[in-house]
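# Structural overview
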Amino acid sequence: MAARIIDGKAVATEIRARVAEEVREFEAEAGRAPALATVIVGDDPASKIYVDMKHRACEEAGIRSVHHGLAAETGEAELLDLVAALNDDGEIDGILVQLPLPDQLDEIRVVSEIDTGKDVDGLSPTSAGLLAHGAPGLVPCTPAGVMELLRRERVELEGAEAVVVGRSKLVGVPIARLLLLANATVTSCHSRTRDLPAVCRRADVLVAAAGAPRLLGADAVKPGAVVIDVGVNRGEDGLCGDVDHEAVAEVAAAITPVPGGVGPMTIAMLLVNTLAAARGRV
């Protein structure tokens, strides 16, 4: 029997509608709308598309968005000055510096300078430290979206075996930590994992976040597992994930599609984080 499709687009639409309603309530109480500031350095087309999508989502939810576009040759001091100014701006609730940055800029240093209360991407070392300790804080949007999909699917994580393929600080590491906080038993896999399919076959919940097209096939999936495919890879035949969707769907109990799975959740959770940041500053 083919796996049921986990419709991230439908869940994201519901979340965005809820956020819009809560934004109206916030604005009535605070006398202003929440505000998100975005920063792009350079003219990377993909970054521009992503940020434009985020601004449209903000507009639909009633969140004010402010954009700062800097030249590709911008120096680190200038960028850090902008981040400091946004930190000090009482009308700005969330700050998002779009990654990747040009080579002359130290991403870790730049992101580290974002006020933790405004770090709506949840990527600063301080935010990562709060997550590592299980302390309240803003959680990276994609991992938060994955957890929300699992919650909506009523996946029992306590005591379950979860395998995360990928160890990036953007996705893999925070997802593994969130699953551990949910009392799952978590294995993190990566490019040096021996016999990757065998390790993955142990998983009740398999999260693929390696950025490798169709890396995982049916032989890597335990019958009845829930598969969350975070990967978005563009090939000659269009977009595909990190799992071979058609093959895996014949083995798994549930699976996210690409596109339409985790992707829409990332922007929805950005709106959630922006509203939470605004509430935290009232």
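Since the model is a prediction, treat every value here as computed from it, not as a measurement.

## A short note on helix α1 (residues 8-30)
Structurally, the α-helix is built with 3.6 residues per turn, so residues lying three or four positions apart point the same way. Counted at 1.5 Å a residue, the expected span for α1 with its 23 residues is 33 Å, and the 31 Å between its end C-alpha atoms agrees. Every buried residue of α1 is listed here: G8, V11, A12, I15, V19, A20, V23 and F26. Taken together, the buried residues of α1 touch α2 (45-61), α6 (141-152) and α10 (263-280). The N-capping residue of α1, defined by a side-chain oxygen 3.2 Å from the backbone nitrogen of K9, is D7. Just downstream of α1, G31 is the residue with a positive phi angle, here 80°.

## A look at the environment of A77
One can find A77 in helix α3 (residues 76-88). Given a relative accessible area of 54%, A77 falls into the exposed group. Separated by 28 residues in sequence, A77 and L105 place their C-alpha atoms 9.4 Å apart.

## Quick word on the layout of surface pockets
Any space left empty among the atoms is revealed by the rolling of a water-sized probe across them. The volume enclosed by the largest pocket comes to roughly 1,700 Å³. Y50, T142, V232, G263 and T266 are the residues nearest the centre of the largest pocket, which is lined by 50 residues in total. Counting residues per element, the lining of the largest pocket draws most heavily on α2, at 9 residues. Residue classes in the lining of the largest pocket are distributed as 27 nonpolar, 12 polar and 11 charged.

## A word on empty space enclosed by the protein
Within this structure, the stated rule accounts for 1 cavity of 30 Å³ or more. Of the voids in this model, the largest cavity is the one considered here, and its volume is about 40 Å³. Along its surface, the largest cavity is lined by L96, V97, V111, I114, D119, D121 and L123. Among the residues making up the lining of the largest cavity, the classes are represented as 5 nonpolar, no polar and 2 charged.

## A word on the sheet that holds strand β8 (residues 226-229)
Reading across the sheet, the 6 strands line up as β1-β11-β8-β7-β5-β6 and stay open at both edges, with parallel pairing between neighbours. Of all strands in the sheet, those bounded by a partner on one side alone are β1 (4-5) and β6 (185-189).

## Quick look at α3
A rise of 1.5 Å per residue sets the reference length of α3, with its 13 residues, at 18 Å; its end C-alpha atoms lie 18 Å apart and thus fit the reference within 8%. Within the span of α3, buried status applies to E76, L79, L80, L82, V83, L86 and N87. Looking straight down α3, one finds that the buried residues subtend no more than 155° of arc, so they occupy a single side. Seen from the buried face of α3, the exposed residues on the opposite side, beyond 90 degrees, are A77, D81 and D88. Where α3 is buried, its residues contact β2 (35-41), β3 (64-70), β4 (94-97) and α4 (107-112).

## Structural notes on the sheet that holds β4
Taken together, the 3 strands give an open sheet; going across it, the order is β3-β2-β4, and neighbouring strands pair in parallel fashion. A single partner strand is all that each edge strand has here, and the edge strands are β3 and β4. When the angles between neighbouring strand axes are averaged without regard to direction, this sheet yields 15°. Here β2 pairs with β3 via 7 bridges, running parallel.

## Some points on the side chain of D119
With respect to the element layout, D119 can be found in the loop between α4 and α5 (125-132). Look at D119: it is buried, it has no salt bridge, and the nearest opposite charge is K169 at 11 Å. From its side chain, D119 meets the backbone nitrogen of L123 in a polar contact 3.1 Å long. When neighbours within four sequence positions are excluded, D119 is seen to be in contact with I95, I114, S124, S127 and L138.

## Topic: the pairing of β6
Where strand β5 (residues 161-165) meets β6, 5 bridges bridge the pair, whose relative direction is parallel. Bridge pairing links V163 to T187 in β6. After leaving β5, the chain enters helix α7 (residues 172-181) and then returns to the sheet as β6, a path that is right-handed.

## Some details on the packing of α1 against α2
Two elements in contact, α1 and α2, have axes separated by 8 Å at closest approach and are oriented at 55°. Comparing the axis directions of α1 and α2 gives the class oblique. For the pair formed by α1 and α2, the contact residues are R16, V19, A20 and V23 on the first element and A57, E60 and A61 on the second. Among the residues forming the contact of α1 with α2, the class breakdown is 5 nonpolar, no polar and 2 charged.

Definitions and limits used
Residues numbered from 1 in each chain as written. Predicted model: local features only at pLDDT ≥ 70, side-chain atom pairs only at ≥ 80, totals over all residues. Heavy atoms only, no water. Helix = DSSP H or I, 4+ residues; strand = E, 2+ residues; numbered from the N terminus. Expected span 1.5 Å × (residues − 1). Buried < 20%, exposed > 50% of the residue type's maximum accessible area, 1.4 Å probe, protein only. Contact = heavy atoms within 4.5 Å. Polar contact = N/O pair within 3.5 Å; in protein donor to acceptor, adjacent residues only side chain to side chain. 1 Å grid on protein atoms, 1.4 Å probe; cavity = no way out; pocket = protein on both sides within 12 Å on 5 of 7 lines; lining within 4 Å. Points joined across faces, edges and corners; volume = space filled by probe spheres on them. Nonpolar A, V, L, I, M, F, W, Y, C, P; charged D, E, K, R; others polar. Pairing = 2+ DSSP bridges. Arc of directions from axis to C-beta. Axes fitted to C-alpha atoms, helices over the stretch in contact; angles between N-to-C directions. Lys, Arg positive; Asp, Glu negative; His and termini not counted. Salt bridge = Lys/Arg side-chain N within 4 Å of Asp/Glu carboxyl O. Right-handed = clockwise from strand over helix to strand, strands pointing away. Parallel < 35°, antiparallel > 145°, perpendicular 65-115°, else oblique.

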